[in-house]
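Descriptive structure summary
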Amino acid sequence: MATQGVERTGVQPPVARSAGGGRKPTDAGTFTPYLFMAPYLVLFVVFVLVPAVFGIWISLHNWDYLLPGKPWVGLENYLDLFTPNSANSTPFWNSMEATAKFTLFSVPPLVVIPLLVALILNQSFRGRNFFRAVYFAPYVLGVAVIGILWRFILDPNNGLLNYYLGALGLPDSIPWTTSLPWGWVALVGPTVWWTMGFNAVIYLTGLQDVDPALYDAAKVDGANRWQRFRHVTVPGLRPVFLFVVTTTILASANVFGQSYIITQGAPGNETRVAIWYIAQEGLRSFNMGSAAAMSYVLALALALVSLANFALLRYKED
Amino acid sequence: MAQRTADRAQPKDPQRGGRLARLVLSYTVLILLTVVFVAPLLWMLSTSLKPNVQTTRFPPDWIPDEISWEGYSTILTTSTQTPVFLWFVNSMIAATAHAALVLVTASMAAYALARMDFRGKRIFFVAIIATLFIPPITFFTPNYLIVDSFGWLDTLLAVIVPPAAGGIGVFFLRQFFISLPRELEEAALIDGANRLQIFFRIILPLSKAPLATLALLMFLINWNDFLWPVYILFSPEAQTLPPGLATLQSSYTTNYTVIMAGGVIASIPVLILYMFAQRYIIEGVSRSGLKG
């Protein structure tokens, strides 16, 4: 492309300039770009930009959907959350704790297992696309399907899992969905099963983007398999790794359906996660002011986690 | 991949025996994993085809003694509380309309952002990026009120339109449009075509694959969307399948045939799409990092 432009320079100056990026269609100052942007912008303004600001406004009021008056309360909704034993702070922080635990338990397997699977799939052998497709398949199903399916499989009395554990001579009456710590297994296990394929596919793309010449060079230098993995694969995979860790943390922190369907918050409200509590508080109990405040606290917490994670993984790189 | 081919080209590789062992080990792991991934889905299917009395019989019948349509006929014929067929229709309408809306709005905006200069472009762009990082729950309460003010509560419009405001489709297509060579457009401009003509006659026809990928992904995401519909759709006849399945579970508790039949009905369309467009879906997801 570039050489063509150079060759043409002498003959057809205007075209040559356009190939170099000089002559651009002159949309600047016309209305055309805004016409193209308009449909999306309407959506974006109404359902993203306005709510982002409106949410803050709501959080500063005692905003009960069902009551006519929505008195201004300033930062009270936020302060309440940080006042021990206020009506909202205990259940809110319990739900935050449930989300934190779920994230803590689910991220390591979701980062490690898909990497191992991707490394296996990255070899050349028959059927690798078939296996990739099978492992990815649960991901195209929704959390509702996954939830009802695993709730059945994990059912303490009627579930397959306890039956097969019993058949292997192991304890066969584990209360997966109703008691801790089993509840965490019941949330994390199906989540890994459901989304592992997504991370594996991302890793696989990353592995295939590592320059094969680097492996050859390492081989020539006498590097063995482990050394090649350690010194070629690992550094080559670092940006992908950062991506996987970040998106997995965020996805896990936004967990809702598993908790809503599989454990249904049990035992007590121990596995009721933050998103669930916030949605319940705002859209069922209609305490919208405090729900909005909670959602901003959660957003801030997530932002901090993302930043920390980013800084940490970046730092290692240098 | 390439380095593996190199491996194979060296017959005197001292690690050859190791390579065979590794291959056997790999296949063993892969096949075990396949069982782990497929068995639960088969269990759902098999349970949905049994009479309910057989669903909790142990040892489990992986293949039903006889096919029973009890579960399917129960949910498809009954009940004002769990009209599963209606939910299926609702989900189909919502996911299709949502995908279409995203295609139209995102492709136009992405083209402007990829190819045109205009005042405010950078601000739009940064705003769209910035809001991608705000967790969806933050928009919940305000969007509930906004949707309510339009009279959209408890209607499909509430699950079709607001989710289309996310910026991911715009990004996905912008990235592709930028990669297209400019020469075609410029030639058309010189021939006197306007932007709209260029967009429809040159850009869109060149973008069939990414447009199809985006449409598929948006359909899947909307089809599976759970949290927002749970809270925005209340009446039984307004539900889509995902919140419907939760209702089904709480209404039928241990009638596993019925519940699993609902699961199968919700899975079939997406699994069919997946079978035919597996490559598009996987590659679309891995290129864009789209998460449902």
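Residues numbered from 1 in each chain as written. Chains lettered and ligands numbered in written order. Predicted model: local features only at pLDDT ≥ 70, side-chain atom pairs only at ≥ 80, totals over all residues.

**Structural notes on the overall build of chain B**
To keep things clear, this is the line we draw: For the purposes of this entry, the term helix denotes a DSSP run of H or I that reaches at least four residues, the term strand denotes a run of E that reaches at least two, and both are numbered from the N terminus. A radius of gyration in this sense is built from C-alpha atoms; the matching globule rule multiplies 2.2 Å by the number of residues raised to 0.38. The burial criterion counts other C-beta atoms lying within 10 Å of a residue's C-beta, which is placed from the backbone; the residue is buried at 20 or more, exposed at 12 or fewer, and partly exposed between these limits.
Helices and strands together make up the secondary structure of chain B, namely 14 helices and zero strands. Each helix (α) and strand (β) of chain B, taken in turn from the N terminus, gives the series α-α-α-α-α-α-α-α-α-α-α-α-α-α. In terms of C-alpha radius of gyration, chain B reaches 25 Å, well past the compact-globule figure of 19 Å for 292 residues. Its C-alpha atoms put chain B at 75 × 75 × 35 Å along the principal axes. Looking at chain B as a whole, 41% of its 292 residues qualify as buried.

**Observations concerning the UniProt feature "transmembrane region" (unreviewed entry) in chain A**
Formally: UniProt positions are given in the numbering used here, feature names are shortened, and annotations may be inferred rather than shown by experiment.
Using the residue numbers shown here, the UniProt feature "transmembrane region" (unreviewed entry) corresponds to residues 40–60, 102–121, 133–153, 182–204, 240–262 and 293–313 of chain A. Along residues 240–262 of chain A one finds 87% helix and 0% strand; the C-alpha atoms at either end are 31 Å apart.

**Focus on the domain arrangement of chain B**
Residue and element names in this part refer to chain B. Applicable threshold: Each domain's extent was defined by an automatic or database domain assignment. Throughout, a pair of residues is in contact if the C-beta atoms placed from their backbones lie within 7 Å. For this classification, Asp, Glu, Lys and Arg are treated as charged, while Ala, Val, Leu, Ile, Met, Phe, Trp, Tyr, Cys and Pro are nonpolar and the rest, including Gly, are polar.
On domain assignment, one finds that chain B holds domain 1 (14–74) and domain 2 (81–288). Computed from C-alpha atoms alone, the centre-to-centre distance between domain 1 and domain 2 is 32 Å. Tallying the contact residues gives 13 residues for domain 1 and eight residues for domain 2. Tallied by class, residues from the side of domain 1 that touches domain 2 come to four nonpolar, seven polar and two charged.

**Digging into the interface of chain B and chain A**
Across the contact, 81 residues belong to chain B and 78 residues belong to chain A. Of the residues forming the side of chain B that touches chain A, the biggest block, 14 residues, is contributed by helix 14 (residues 256–288) of chain B. Residue composition of the side of chain B that touches chain A, by class: 57 nonpolar, 18 polar and six charged.

**Here we look at unusual backbone geometry**
All names here are of chain A. Geometrically, the link from Leu-180 to Pro-181 is a cis peptide bond, its omega value of 0° lying close to zero. Counting through the fold element by element, Pro-181 comes out in the loop between helix 8 (160–167) and helix 9 (182–209). Cis geometry is adopted by the peptide bond preceding Pro-267, which originates at Ala-266 and carries an omega value of -5°. The phi dihedral of Gln-264 falls on the positive side, at around 50°, and the residue is not glycine. Structurally, Gln-264 can be placed in the loop between helix 12 (257–263) and helix 13 (274–283). A residue is classified by how many C-beta atoms lie within 10 Å of it, and Gln-264, with 19 of them, is partly exposed.

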